[in-house]
Amino acid sequence: MMGSLRRISAVASNTFLEAVRQKVFAVLLVFGLVLIYGANYFTEFSFQEQFKFLKDLGYAAISLTGLLVGLLGASQLIPGEIERRTILTALCRPLHRWEFIVGKYLGLAVLLGVMVGVMALAVGGVLGWKEAQLVAREGSDPAVAAAIQKEARDPRLLQAVLLVEVKLAVVAAVAVFFSTVATSTTFVIAMTLMVYLIGHLQSVAREQWLESGEVVQAGAKLFLAAVAFLVPDFNLYNLIDEIIAGNEVVWRSTLEVVGYSVVYIAVLLTAASVVFEGRDI
Amino acid sequence: MGWFRGRVLALEGLDMEVQRGEVFGLLGPNGSGKSTAMKMILGLLRPTSGRAEVCGFRAGTIAARRQIGFLPENPYFPNFLTGMELVRYYGRLSGMGGSVLEKRIQELMELVRLGGEAGKRPLRTYSKGMLQRAGLAGAMVGDPEILLLDEPTAGVDPAGSREIRDLILELRGRGKTVIFSSHLLEQVEDVADRVIILHRGQKLREGRLEDLLTRKKEWEVSVQGLKEADRKELRGWLEKHGAEVVREGAPRERLEDYFLRSLPEEKRR
């Protein structure tokens, strides 16, 4: 057990180190600059609108950057190792293939976690900066100052950060699964994007299946059932939009989505390990 | 081999056994199946029929791989790591850690002459010879019984090649089993106890180098200070005793030895 953890952590830390040394974090700098530029853009609006805009921009940027890094990173994890043949020197060690897959995935998940965390801190920093600006300008009335503070220091943003993280972790797990099947990065990206898109329509498929009755034919029903069971429901992460819009989202719902994501990740990594076990290197 | 791709028979009916503690050479031209045989021993490829065993364990199992240290033909190493980090990574993949691993890394880096600052440089700044030596340290980190070296001297200059050869001999001295492939036959001759010759996936010959290469009907003596008149007399004596002179003349040094001898002392190492 100890040996297994040591091997998994070796693969994970090596994956993380590779990303760091390949300057993946440089994108964070670009992100920060975009955010600061955006923060000064719509100053003529009310402070509520300004905060809403900043949160919207911040979380959209986090999601997009994270999606790009997760998708490109995960699609490279295994094919990249096979292409460079570095996988030969790793898999010839006394290491189970599933440990390699899990280690690779965890390395990327930690990278995504750190990136999302740093970007969220940047959003928090910009919100704080905006708060100080607005309080200095409009906060002579204590009620207004309190309202500005409430908008800027919204604890629900933590829920949004957690949801973004798990959503990206699921996308990365889908990409890792496809990367054990294919040798081409393009194929992995295309398939993952397809699942991502279908995942957003998944709830429609499930409703069709549940409510179809005699309207839908047996073949179509089977297909819809397969989609509903196999593809993760990415609509669940729309809770992020609710939080940004200022609506109440209880922690219980957030944790349920986290639990759902963890189960999906576990299933995807198990499937990836099974497929990879039988593959000739 | 994948959809829409034909199957290639890389090895056929290969039967070989390597004894503990011997240096075993896998010879053959490119495409003869040397690397495939190595991958099967490692369990990275599965034979369509037959089986491979390592120290009594089925090839590819964790127990079997624990016995093997592998050096690939080309330096397929994560080049963003330094030499020491590479050995540490491979040590951790082998389940090692803590002060035991750190001590082992120091020992190995000294052994392959990458101690000090050299071990702290990124692999992408290494020469091919340094990469192979770092790879050898990585192969040895788990203290395996068997070292599997795929073309260990390919692309390495003569001095680097000599170092790797010396390392192989040192490993044999430590009781390790070394299986290596090469198409540089002179080098094989210097270190291998036994060889197998493969061609198009089939075994052509196998045996001890002494048995395969010794011309048992001939006898060779190398002498110094023999005058021309004495040589003539010696030839006459040999003919009188029914012996046929097959070759005669001043022996030539091997180019590699001459080259290495020509280098200044510090460059030879």
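Residues numbered from 1 in each chain as written. Chains lettered and ligands numbered in written order. Predicted model: local features only at pLDDT ≥ 70, side-chain atom pairs only at ≥ 80, totals over all residues.

A. Representation of the interface of chain A and chain B in the model. Taken together, the contact between chain A and chain B spans 22 residues of the former and 21 residues of the latter. Top element by residues in the side of chain A that touches chain B is helix 1 (residues 2-21) of chain A. It accounts for seven residues. Here the side of chain A that touches chain B is built from residues that sort into eight nonpolar, six polar and eight charged. (Contact = placed C-beta atoms within 7 Å. Helix = DSSP H or I, 4+ residues; strand = E, 2+ residues; numbered from the N terminus. Nonpolar A, V, L, I, M, F, W, Y, C, P; charged D, E, K, R; others polar.)

B. Seen up close, the sheet that holds strand 6 (residues 177-182) of chain B. All names here are of chain B. Read from one edge to the other, the open sheet built from six strands follows the order 4-5-6-1-7-8, with strand pairing classed as mixed. Of all the strands in the sheet, just strand 4 (68-71) and strand 8 (202-208) have a single pairing partner and so form its edges. Averaged over all pairs of adjacent strands, the angle between their axes in this sheet comes to 15°, without regard to strand direction. Direction of pairing for strand 7 (residues 194-199) relative to strand 8: antiparallel, over a ladder of six bridges. Each residue of the ladder has a partner; that of I196, found in strand 8, is E206. Here helix 1 (residues 34-42) sits on the sheet in contact with strand 1 (23-27), strand 4, strand 5 (146-150), strand 6 and strand 7, set at roughly 150° to strand 5. Of the strands in this sheet, strand 4 and strand 5 are in contact with helix 5 (residues 128-140), which crosses strand 4 at around 165°. (Pairing = 2+ DSSP bridges. Axes fitted to C-alpha atoms, helices over the stretch in contact; angles between N-to-C directions.)

C. Region of interest: helix 5 of chain B. Residue and element names in this part refer to chain B. When the terminal C-alpha atoms of helix 5 are compared, their 18 Å separation across 13 residues agrees well with the 18 Å that a helix rising 1.5 Å per residue should span. Here helix 5 lies mainly inside the structure; 12 of its 13 residues are buried. Within helix 5, the full set of buried residues consists of G129, M130, L131, Q132, R133, A134, G135, L136, A137, G138, A139 and M140. (Expected span 1.5 Å × (residues − 1). Buried ≥ 20, exposed ≤ 12 C-beta atoms within 10 Å, placed from the backbone.)

D. Local environment of the nonpolar core. Membership of the largest hydrophobic core comes to 136 residues, with the highest contact counts inside it found for Y105(A), L112(A), A172(A), A173(A), V176(A), A137(B) and L148(B). Per element, the largest residue contribution to this core is 18 residues, and it comes from helix 5 (residues 97-138) of chain A. In contact with A137(B), not counting residues within four places along its chain, are V87(B), L108(B), M109(B), L111(B), V112(B) and L114(B). (Core = buried A, V, L, I, M, F, W, Y, C linked by C-beta atoms within 7 Å.)

E. Expanded view of the pairing of strand 5 of chain B. All names here are of chain B. Extensive coverage of strand 5 is indicated by the burial of five of its five residues. Residues I146, L148 and D150 of strand 5 are buried on one face, and the alternating residues L147 and L149, pointing to the opposite face, are buried as well. Pairing of strand 4 with strand 5 involves four bridges; the strand directions are parallel. In the strand pairing of strand 5, G69 is matched with L147. Looking at chain direction, strand 5 and strand 6 are connected through five bridges and run parallel. For L147, the partnering residue across the bridge sits in strand 6 and is V178.

F. Summary view of the domain arrangement of chain B. Split into domains, chain B comes out as domain 1 (23-213) and domain 2 (228-268). One C-alpha centre belongs to domain 1 of chain B, the other to domain 2 of chain B; they are set 36 Å apart. (Domains from an automatic or database assignment.)

G. View of the packing of helix 5 of chain A against helix 11 (residues 251-277) of chain A. All names here are of chain A. It is the contact of helix 5 with helix 11, at a shortest axis distance of 9 Å, that shows an interaxial angle of 135°. Judged by the angle between their axes, helix 5 and helix 11 are oblique. Crossing hand, helix 5 versus helix 11: right-handed. On the side of helix 5, the interface is formed by R97, W98, I101, V102 and Y105, while helix 11 contributes L269, A272, S273, F276 and E277. (Parallel < 35°, antiparallel > 145°, perpendicular 65-115°, else oblique. Left-handed = near helix turned anticlockwise from the far one by under 90°.)

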